[in-house]
Amino acid sequence: MVQADAGAMPPSTTTTTAPKEKLTTSDGRSLKTALRQAERRRRIAAFLLVAPLLFFILTFFVFPIAQMMWRSVDNPQVVRALPNTLEALSGWDGRDLPPEEVFAALHADFVADSERPRREQAMGPLGVRLNYELSAARGAISRTARQAPNFEAPFRDAFTDAHRLWGDPALWRVIQREGRALTSAYYVAALDRQFDEFGNIELRDENRRIYISLFIRTILLSVAITFLTFLLGFPIAYYLSILPMRYANLLMICVLLPFWTSLLVRTSAWIVLLQQQGVINSTLVGLGIIGDDSRLSMIYNMTGTIVAMTHILLPFMVLPLYSVMRTIPPSYMRAAKSLGATPSTAFRRVYFPQTLPGIGAGGVLVFIISIGYYITPALVGGQSGRMISNEIARHMQQSLNWGLAAALGTMLLVGVLVLYWLYNRLVGADSLKLG
Amino acid sequence: MTRKMKIAGLGAAVSLLAISAAQANDPVSLTIVSWGGAYTQSQVRAYHQPWMEQNPHVTIINDDGSANALAGLRAQAQAGNVTWDLVDMLPSDAQLACDEGIIMPIDHDAMLAAAPDGTPASEDFLPGSLGECFIPQIVYSTVLTYRPDAFPDDAQPSSIADLFDVENFPGRRALQDRPGTNLEWALFADGVDPDDIYDMLATPEGVDRAFAKLDTIRDHIVFWTEGAQAPQLLADGEVAFATGYNGRMFDAIEVEGQPFEIIWDGQVVEWDGWVVPADGPNLDAVMEYLYFATDTQRLADQASFISYGPARASSAALVGDHADLGIDMNEHMPTAPENYFSPIVLDNDFWVDYGDELRERFANWMLQ
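Residues numbered from 1 in each chain as written. Chains lettered and ligands numbered in written order. Predicted model: local features only at pLDDT ≥ 70, side-chain atom pairs only at ≥ 80, totals over all residues. Heavy atoms only, no water.

Participant: Would you take a moment to explain the overall build of chain A for this structure?
Facilitator: Helix and strand content of chain A: 19 helices and two strands. In summary, chain A has a C-alpha radius of gyration of 32 Å against a globular reference of 22 Å for 435 residues, an excess of more than 25%. For chain A, the C-alpha atoms occupy an extent of roughly 100 × 95 × 35 Å along the three principal directions. Across the 435 residues of chain A, 41% fall into the buried class. When contacts within chain A are restricted to residue pairs at least 6 apart in sequence, those whose partners lie at least 24 apart make up 68%. Carbon together with sulfur atoms contributes 64% to the accessible area of chain A, which is approximately 24000 Å² in total. Here chain A holds 41 positive side-chain charges and 30 negative ones, and the gap between their average locations is 19 Å. (Helix = DSSP H or I, 4+ residues; strand = E, 2+ residues; numbered from the N terminus. Rg over C-alpha atoms; globule rule 2.2 N^0.38 Å. Buried < 20%, exposed > 50% of the residue type's maximum accessible area, 1.4 Å probe, protein only. Contact = heavy atoms within 4.5 Å. Areas by Shrake-Rupley, 256 points an atom, 1.4 Å probe, with all protein chains shown as cover. Lys, Arg positive; Asp, Glu negative; His and termini not counted. Charge placed at Lys NZ, Arg CZ, Asp CG, Glu CD.)

So, in structure tokens, the structure goes:
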């Protein structure tokens, strides 16, 4: 049990003496200048060494994130497709249908668009964009686009005959509102809100709200998972830190083994264990503990997400804890006990406070990873175990509403930064110890 | 060990070189994007292999990216680097891509083979299946499937209405986690005529009615996301009913021998087919391939490998036996008369127009 005690070694002390007179080098330059030059050369060399990494981070991390944030406000579709209409619409009060001259301008825009090369036509993206704000707007645009070049005055009747939405002031309000290069509409939607007919922001119908409750659930799930990894990881890390090195290494491999297994394999293993006809349920039924008709639902719900993610993220808690605990000298605990502390007091007042940097580091790591986790909740989370990242992935891959995905992603990023800032204020980021 | 592996690798590289050197005739490699799994296999055996035998200089690379095809097409068009030659996708996504100009418009009569009796392509493909930029290959359907052993012999389910009847047909139901098909079936089970379903879903009252019907089975639902999950849940006994694609269910029943039964009542029918990315790298080679792969015989051949119906009327008579199992495929086609008695034809325009709003409402409903 006795170990080498690195912390007890006295820190090496250095003494400095201030120069009393101006010193020069052998070639007569001031020592200060020569030193500064040498320093600068070293700094440039150091910069050149990190330059590839810096370049890599800028290109593949900072730039894509900036581009994603840009997408969440970028709104070129209406401006590009309907320049004449927007100009004619500038004086419209948003109540009744716009006057005939607006419809004439709309006709001019459709004609101009039909004359562009196919790849540059703007009506397709316009329809997709407007449909995010108003259902069936895409149909109105695409069906009209085929007929519009043949329309004749009066255009108002021609358009309202082609699709009922052209006779609905709601569509015109959307065109007027979104006829700007930047939009807040994606953030409004990401906050479960919408614009009313006067352009004020209001809550959506109750049966269409999803994102805020998902954000809250994501944070609660992440906190729960972080806490569980702490509960499970702390004793393991402690045990590892007091074992002799060769046993500790063996045990460490057991901790790391899941780390080296494919994520999908681990997740599928949980499906085999937890499902209703799975190993655990069948064992419980076989032992007569539960009835065949009351098998437990442990997967495809929140329980599934929590169990599988706790397992997957455990090493991220154990490793920082272990590396901190290794450096805590056992002599401190012995000293506390010899001074009269009970074992629990010694643990609480002497040992535990020294593990805080490890807990902080592990906690922040697990929390930040789990807040953006996506594959595991998608496979074992069912509906109640879904997280906001699943919704972002859906908008990226299926609904293809990249603006909304970018807004949700930006909100998640800002949320994490705020939480990190809070952590820094309360605990101090310099107390993090990652190993 | 490592040395052995190195030698083996070297041997493989040398033989590869030898193969490619043998093909002097301007080699072309076509990247064809499809859905993967049994479906891609059916295309490989019905289209790719015969074409490559006739044209030894063509190599076909299969990419399983169809689930995210529209996202991929957009990304490639924006980057100005189109690497896909041909993409298998759904007509709703194809219409969006077509409106955005990132796939080629198709002149069906000029670009595709006529039927053997001379009927032009535009009349030979099933009515309503052709799109501006879309060439249909198959008709597939989403069907309700159940485990007979989950119910007593004298009370087996037989209709979509039974899916919504938890009193007489207890057990969990696996539904897909999106509004499509589920809302249609809710109204269908509530007694709405298939022809009126989409008109009704376009009104707020119709949507409320569909969700009210779904509410009646809400506590008995397990949601699935990927096509392979539905037969798996059914096979594991996790659920008594599952909705799924008829081709996958056919595979589970006939190939794997699972004891499932398909209910063809209210099957939701949709097309699936090819689009050609604009500015693709090998347009000429692709159009030659496409002319071959969409002719009457080839579409009929595909039905020998998977139970999806050919999209040409002239192919129906040529559908024969399954290539490996030897069973007659005609009765397994969604379009077979004995199966096609109350179909709901999926309305893509409706889903493009109202999909965003209904998906939000459905997501909200699932989360409650």
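Okay, back to it.
Participant: Help me understand the interface of chain A and chain B in this model?
Facilitator: Put simply, an interface is often sized by how much accessible area is lost when its parts join up. Residue-level contacts link 38 residues of chain A with 39 residues of chain B. Counting the surface lost from both chain A and chain B, the interface buries some 3600 Å², and carbon and sulfur atoms represent 44% of this. Summed over the shared surface of chain A and chain B, the number is eight salt bridges. Notably, a salt bridge pairs Asp349(B) with Arg138(A), separated by 3.5 Å at the nearest N-O pair. (Buried area = accessible area lost by both parts, 1.4 Å probe. Salt bridge = Lys/Arg side-chain N within 4 Å of Asp/Glu carboxyl O.)

Participant: Help me understand the confidence of the model for chain A in this model?
Facilitator: Note that predicted coordinates carrying low pLDDT should not be read in detail. Averaged over all residues, the pLDDT of chain A equals 88, while 93% of them reach at least 70. In this model, residues 1-15 of chain A is a region of pLDDT below 50 whose contacts with residues beyond four sequence positions or in other chains number six contacts. (pLDDT = per-residue confidence, 0-100.)

Participant: Quick question: what am I supposed to make of helix H19 (residues 402-426) of chain A here?
Facilitator: Since the α-helix packs 3.6 residues into each turn, any two residues three or four apart lie on the same face. Between its terminal C-alpha atoms H19(A) stretches 36 Å, which fits the 36 Å expected from 25 residues at 1.5 Å a residue. The set of residues buried in H19(A) consists of Trp402(A), Gly403(A), Leu404(A), Ala405(A), Ala406(A), Ala407(A), Leu408(A), Gly409(A), Thr410(A), Leu412(A), Val416(A) and Tyr423(A). Where the residues of H19(A) are buried, they touch helix H1 (31-71), helix H9 (185-190), helix H10 (211-242), helix H16 (343-371) and helix H18 (388-397) of chain A together with helix H3 (69-79) of chain B. (Expected span 1.5 Å × (residues − 1).)

Participant: Where do I start with the nonpolar core in this structure?
Facilitator: One recurring pattern in soluble globular proteins is that nonpolar side chains are buried together. Leu130(A), Trp166(A), Trp172(A), Ile175(A) and Phe164(B) are the most contacted members of the largest nonpolar core, which totals 70 residues. Once residues within four sequence positions are removed from consideration, Phe164(B) is found in contact with Trp185(B), Ala186(B), Ala189(B), Lys213(B), Leu214(B), Thr216(B) and Ile217(B). One finds Leu400(A), Val416(A), Met89(B) and Cys98(B) within the second-largest nonpolar core, a separate group that totals 45 residues. (Core = buried A, V, L, I, M, F, W, Y, C linked by side-chain atoms within 4.5 Å.)

Participant: Teacher, can you tell me more about the domain arrangement of chain A here?
Facilitator: Partitioning chain A into domains gives domain 1 (77-183) and domain 2 (211-431). Of note, the centres of domain 1 of chain A and domain 2 of chain A, computed from C-alpha atoms alone, are 51 Å apart. (Domains from an automatic or database assignment.)

Participant: Looking at this structure, I do not really get the packing of aromatic side chains. What am I missing?
Facilitator: Centre distance and the angle of the planes are the two values used to describe a pair of aromatic rings. The final tally for this structure, using the stated rule, is 35 aromatic pairs over all chains. Seen from their ring centres, Tyr146(B) and Phe241(B) are 6.4 Å apart, and the 55 degrees between their planes marks the pair as tilted. Here Tyr146(B), found in strand S4 (residues 135-146), pairs with Phe241(B), found in strand S7 (residues 241-245); they are 95 residues apart in sequence, far enough to count as distant. For the pair formed by Tyr146(B) and Phe241(B), the shared burial category is buried. Ring centres of Phe211(B) and Phe362(B) lie 6.3 Å apart, and the angle between their planes is 50 degrees; on these two criteria the pair is classed as tilted. Taken together, the residues span a long stretch of sequence, with Phe211(B) in helix H10 (residues 204-215) and Phe362(B) in helix H15 (residues 348-367) at a distance of 151 residues. Among the residues examined, Phe211(B) registers a relative accessible area of 3% and is labelled buried. Of the residues examined, Phe362(B) reaches a relative accessible area of 1% and is grouped as buried. An aromatic cluster is defined as three or more aromatic residues linked by ring pairs; in this entry it consists of Phe227(A), Phe230(A), Phe234(A), Tyr238(A), Phe347(A), Tyr351(A) and Phe352(A). Seen from the ring of Trp365(B), Arg218(B) lies directly overhead, with NZ or CZ sitting 4.7 Å from the centre. (Phe/Tyr/Trp six-rings, centres within 6.5 Å; stacked < 30°, edge-to-face > 60°. Lys NZ or Arg CZ within 6 Å of the ring centre and 35° of its normal.)

Participant: It is not clear to me how the environment of Ala185(A) should be interpreted in this structure. Could you clarify?
Facilitator: Residues and elements named next belong to chain A. Of note, Ala185 is situated in helix H9. Looking at Ala185, the relative accessible area reads 4%, which means it is buried. For the pair Ala185 and Gly403, spaced 218 residues apart in the sequence, the C-alpha separation amounts to 9.1 Å. Leave out the neighbours within four places in its chain, and Ala185 touches Arg129, Glu133, Glu178 and Phe195.

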